[in-house]
Amino acid sequence: VQLQASGGGLVQAGGSLRLSCAASGRTFSSYAMGWFRQAPGKEREFVAAVSWGGGSTYYADFVKGRFTVSSGNAKNTVYLQMNSLKPEDTAVYYCAAARPKVVRDLQRSEEYDFWGQGTQVTVSS
């Protein structure tokens, strides 16, 4: 089972990026997917979660209205569209897969079984 995150990069404040997480090795149609991030010197924190198929989503308060998480079942890929980026969004972003639960209950990293390698997002001021 592998999760491959991509799409990170350097962007100016106010800009946008779209992260992708490609899943392989098994069928993820029954899993929920989450995005986390970790900034230097800080703990990993929850960003967003989505049920596979995209029917349910949940966001951390600090990204509501700016980030959108979605899933594309046919392509086994989950996306995180990030708009209005701020310097404080700078971090390594990780995607992860969890057995199905109510998505608002998927805010802890311990709920996730599989993790991607992370992709760096840097927002300059």
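In what follows, the structure referred to is the one given above.
One structure accompanies this document, and this report is about it. (Residues numbered from 1 in each chain as written. Predicted model: local features only at pLDDT ≥ 70, side-chain atom pairs only at ≥ 80, totals over all residues. Heavy atoms only, no water.)

This part takes up the layout of surface pockets. Remark: the empty space left among the atoms is shown by a probe the size of a water molecule rolled over them. In this structure, the largest pocket encloses a volume near 190 Å³. As for the largest pocket, its lining consists of 13 residues, of which R37, K42, E45, E88 and D89 are closest to the centre. Grouping the amino acids of the lining of the largest pocket by side-chain chemistry returns three nonpolar, two polar and eight charged. (1 Å grid on protein atoms, 1.4 Å probe; cavity = no way out; pocket = protein on both sides within 12 Å on 5 of 7 lines; lining within 4 Å. Points joined across faces, edges and corners; volume = space filled by probe spheres on them. Nonpolar A, V, L, I, M, F, W, Y, C, P; charged D, E, K, R; others polar.)

Moving on to the state of the cysteines. Applying the stated criterion across every chain yields a total of one disulfide. Note that C21 is cross-linked by a disulfide to C95, the S-S spacing being 2.1 Å. Since a negative S-S torsion denotes a left-handed disulfide, the C21-C95 link at about 65° is right-handed. Residue C21 is located in strand β3 (residues 17–24), and its partner C95 is located in strand β9 (residues 91–98); the two are separated by 74 residues in the primary sequence. For the pair formed by C21 and C95, the shared burial category is buried. (Disulfide = S-S within 2.5 Å. Helix = DSSP H or I, 4+ residues; strand = E, 2+ residues; numbered from the N terminus. Buried < 20%, exposed > 50% of the residue type's maximum accessible area, 1.4 Å probe, protein only.)

Here the focus is the pattern of salt bridges. For the structure on display, the rule yields eight salt bridges. Between K64 and D61 there is a salt bridge; the shortest N-O distance is 3.1 Å. Take K64: its relative accessible area is 47%, and that puts it in the partly exposed class. A relative accessible area of 64% means that D61 is categorised as exposed. Across the pair R108 and E111 runs a salt bridge, and its minimum N-O distance is 2.8 Å. (Salt bridge = Lys/Arg side-chain N within 4 Å of Asp/Glu carboxyl O.)

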